[in-house]
Amino acid sequence: MKLDVDVLRYLSKDDFRVLTAVEMGMRNHEIVPSELIDRIACLKHGGTYKVLKNLLKHKLLHHDSSKYDGFRLTYLGYDFLAIKTMVNRGIFTGVGRQIGVGKESDIFEVAKEDGTVLAMKLHRLGRVSFRAVKSKRDYLRHRSSYSWLYLSRLAALKEFAFMKALEEHGFPVPNAVDCNRHCVIMSLVRGYPLVQVKQLPNPDVVFETIIGLVVRMAEHGLIHCDFNEFNIMIDDDEKITMIDFPQMVSVSHRNAKMYFDRDVECIFKFFRKRYNLSFEENEDESDDSEVDSEEVCRPRFSEIKKVSGLLDKKLAASGFTGKDQEDIERFIGEDVQKDSDSDGEGTEDEGYIADSTNESNIKDFGSKCSLRKEEDNPPDREIEHEAVEDTCM
Ligand code: ADP
Ligand code: MG
C-alpha cells in the first residue's frame with residue numbers, strides 16, 4: 001500500500017479533528033454515521049461534510065451508504081493519525097522509503113530532526129488473516145466494527161512491550177522507542193534478514209548464537225513463536241538482531257513445547273539447507289530416544305532451566321494486560337503461520353484492507369518527506385476528551 005505522506009503536510013487541524021472523530025465513532029459503529037462524526041468533531045465553524053469529502057479524496061476514509069450515510073477509517077487514515085501523533089511527540093520529523101513488507105505489516109524508515117534514522121512498523125492485521133478475523137468476529141462482539149484497528153493496535157502494543165522487556169534483559173533486539181495505535185518506532189537494524197544471506201564465514205558460530213537465544217529466551221519465560229530466517233537480522237560482523245514479536249508466548253502457554261520445538265526446528269532446517277551444516281538425523285523425536293549427536297545440541301523444552309524474575313510475569317506490568325494477550329492470541333497466537341509458508345494470498349477486499357504485497361513490490365518513496373510538528377494541535381487523546389465532553393456522549 002502506498003503511504004503518500006506528502007498529503008499529510010496539506011491536512012489541516014480540522015481534517016485531523018474529523019479523522020479522529022471517525023476513529024472514535026468506530027468504537028461503536030462499523031460505519032460511523034455522518035451526523036455522529038459531525039457531533040464528535042464539533043468544528044468551531046462547521047464544515048464537517050466538506051472535510052469528510054477531502055479526507056475521502058485522499059483515501060483516508062471509506063464512504064458507505066448501503067444502510068445509512070457514513071464513513072470508516074482506512075488503514076491509510078489510521079496511519080496518518082499515528083504518524084501525526086508521533087510527529088507531535090517529537091519522535092520523528094520525516095518519513096522515508098519503505099524498507100520491509102511483512103506478512104501483516106509495512107516497515108518504513110523515519111528520520112529525526114538530527115538526521116538519525118529509525119524504523120517505523122505499521123501493523124496491518126487482517127491483511128492475510130482477514131478471514132480469520134471475520135470468522136471470529138463473534139468473539140469481539142461490540143468491538144467487531146473496529147476489530148482490525150483494535151487487533152493491529154494490540155499487536156503494536158504487544159510488540160513494543162516485548163521488545164522493551166527483551167532489550168532490558170540484554171537480548172539483541174532493536175531499541176523500542178515509542179508506540180501509538182498500530183505503529184511501533186524502533187531503532188533501525190543495520191543488516192539483512194538472514195534469508196537474504198547466501199554465505200556466512202562462520203555458520204556454525206552463528207547457528208550456536210541463534211539457538212542460544214531461543215534457549216535464553218525460554219529461560220526467561222518466553223518463546224518467540226515465529227523464529228526463523230525472516231525475523232533474524234545479521235550484519236557484516238555476523239552480529240544477530242531478533243525482530244518481530246507480536247506472536248510471542250509465555251513458557252507456561254499450553255502449547256509452549258510445540259512452539260519452542262517449532263522455533264528450534266526452523267533454525268536447524270534453515271542452517272542445514274542453506275549453509276550445509278550437518279546434524280546427525282534422528283527421525284524419532286520422542287524424549288526417550290537414543291541420544292545421538294543432533295540430540296546433544298538440540299535443546300529440549302523439558303530441560304530449560306527457568307531463571308528468576310521471569311520476563312513474562314514482568315510484562316504483565318507493562319500495560320499489555322492478560323486480557324490483551326488473550327484477545328490477540330485468538331488471532332495471531334494460534335493462527336501464526338511461518339513467514340516462509342506464507343503464500344502472499346490476498347484478502348477479501350472490503351475497501352479497507354491493504355493490497356496483498358510481497359518483497360518484489362517494495363516501493364521506494366524517494367526523498368524524505370518532512371513533516372510539521374504542530375504544538376497547538378493536541379494529540380488524539382486530548383481531542384477525544386474534549387469532544388466527548390462537548391457532545392455529552
Ligand atoms: P512482520 O511481522 O510483518 O513479519 P517484521 O517485523 O518481520 O514484520 O518486518 C518485516 C521486514 O522489515 C523484516 O524482514 C526486515 O527486513 C524489515 N525490518 C523490520 N524491522 C526492522 C528494523 N528495526 N530495522 C531494519 N529493518 C527492519
Ligand atoms: Mg517477520
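Every chain is numbered on its own, with residues counted from 1 as its sequence reads. Here the convention is simple: chains get letters from A, ligands get numbers from 1, in the order in which they are written. Per-residue local features of the predicted model are confined to residues with pLDDT of at least 70, and side-chain atom pairs are confined, for both listing and counting, to 80 or more; whole-chain, interface and lining totals are unaffected and use all residues.

Going by this rule: UniProt positions are given in the numbering used here, feature names are shortened, and annotations may be inferred rather than shown by experiment.
Looking at an unreviewed UniProt entry, one finds the protein named Serine/threonine-protein kinase RIO2, with Forsythia ovata as its source organism. Taken directly from UniProt, the Cofactor (unreviewed entry) text for the protein runs: "Mg(2+)". UniProt's Sequence similarities (unreviewed entry) comment on the protein is quoted here verbatim: "Belongs to the protein kinase superfamily. RIO-type Ser/Thr kinase family."

1. Regarding the overall build of the protein
Our working rule: Put simply, DSSP marks the helices as runs of H or I at least four residues long and the strands as runs of E at least two long, and each gets a number from the N terminus on. Residues are called buried when their C-beta atom has 20 or more other C-beta atoms within 10 Å, exposed when it has 12 or fewer, and partly exposed otherwise; all C-beta atoms are positioned from the backbone. In this description, any two residues whose backbone-derived C-beta atoms lie within 7 Å of each other are considered to be in contact.
The helix and strand inventory of the protein stands at 14 helices and 14 strands. Looking at the 393 residues of the protein, the share that counts as buried comes to 40%. A separation threshold of at least 6 residues defines the contact pool for the protein, and within that pool the share at least 24 residues apart is 69%.

2. Overview of helix H8 (residues 147-168)
To be explicit about the condition: In this scheme, a helix's expected span is set at 1.5 Å multiplied by one less than its residue total.
Look at H8: 31 Å from first C-alpha to last across 22 residues, which is about the 32 Å you get at 1.5 Å a residue. Buried residues dominate H8, accounting for 19 of its 22 residues. Looking one or two places after H8, you find Gly170, whose phi comes out positive at around 80°.

3. Remarks on the packing of helix H2 (residues 13-25) against helix H5 (residues 75-88)
Formally: The convention used is that axes are lines fitted to C-alpha atoms, helices contributing only their stretch in contact, and that angles between N-to-C directions extend from 0 to 180 degrees. Handedness of a helix crossing follows the sense of rotation of the near helix relative to the far helix, less than a right angle counterclockwise being left-handed and clockwise being right-handed. Each residue is assigned to one class: nonpolar for Ala, Val, Leu, Ile, Met, Phe, Trp, Tyr, Cys and Pro, charged for Asp, Glu, Lys and Arg, and polar for all the others, Gly among them.
Put simply, H2 and H5 touch, their axes get as near as 10 Å, and they point 115° apart. Crossing handedness for the pair H2 and H5: left-handed. Packed against H2, whose contacting residues are Phe16, Leu19, Thr20 and Glu23, the element H5 presents Gly77, Phe80, Leu81 and Lys84 at the interface. The residue makeup of the contact of H2 with H5, split by class, is four nonpolar, two polar and two charged.

4. A short note on the environment of Lys84
When you line up the elements, Lys84 lands in helix H5. Residue classification places Lys84 among the buried residues on the basis of 24 C-beta atoms within 10 Å. Lys84 sits 76 residues away from Leu8 along the chain, and the two C-alpha atoms are 8.1 Å apart. In contact with Lys84, other than residues within four places in its own chain, are Leu8 and Phe16.

5. With respect to the nonpolar core
General note: in soluble globular proteins, nonpolar side chains tend to be found buried as a group. We count it as follows: Any set of buried Ala, Val, Leu, Ile, Met, Phe, Trp, Tyr and Cys residues joined through C-beta atoms within 7 Å is what this text calls a nonpolar core. Residue ranges for the domains originate in an automatic or database domain assignment.
Ranked by size, the top nonpolar core spans 96 residues in total, and within it Val18, Val22, Ile37, Cys183, Ile185 and Ile223 carry the most contacts. The dominant element in this core, judged by the number of residues it contributes, is H8, at 14 residues. Formed jointly, this core draws a minimum of three residues from each of two domains, domain 1 (1-88) and domain 2 (192-316).

6. Things to note about the sheet that holds strand S2 (residues 61-64)
Convention followed: Any two strands with at least two DSSP bridges between them are considered paired.
Taken in spatial order, the three strands make up an open sheet running S1-S3-S2, and their pairing is antiparallel. Strand pairing shows two members of the sheet lacking a second neighbour, strand S1 (32-33) and S2, which therefore form its edges. Examined bridge by bridge, S2 and strand S3 (residues 70-73) share four bridges and lie antiparallel to one another. Across the sheet, His63 pairs through a bridge with Phe71, a residue of S3.

7. A short note on the packing of H2 against helix H3 (residues 34-41)
Each packed pair of helices is defined by two parameters, the angle between the axes and the distance between the axes. This is how it is decided: Oblique is the label for any angle not under 35 degrees, not over 145, and not in the 65 to 115 range, which are roughly parallel, roughly antiparallel and roughly perpendicular in turn.
Two elements in contact, H2 and H3, have axes separated by 8 Å at closest approach and are oriented at 120°. Classified by the interaxial angle, the pair formed by H2 and H3 is oblique. For the pair H2 and H3, the crossing hand works out as right-handed. Contacts from Arg17, Val18, Ala21, Val22, Met24 and Gly25 of H2 reach H3 at Leu36, Ile37, Ile40 and Ala41. When the residues that make up the contact of H2 with H3 are grouped by side-chain class, the tally is eight nonpolar, one polar and one charged.

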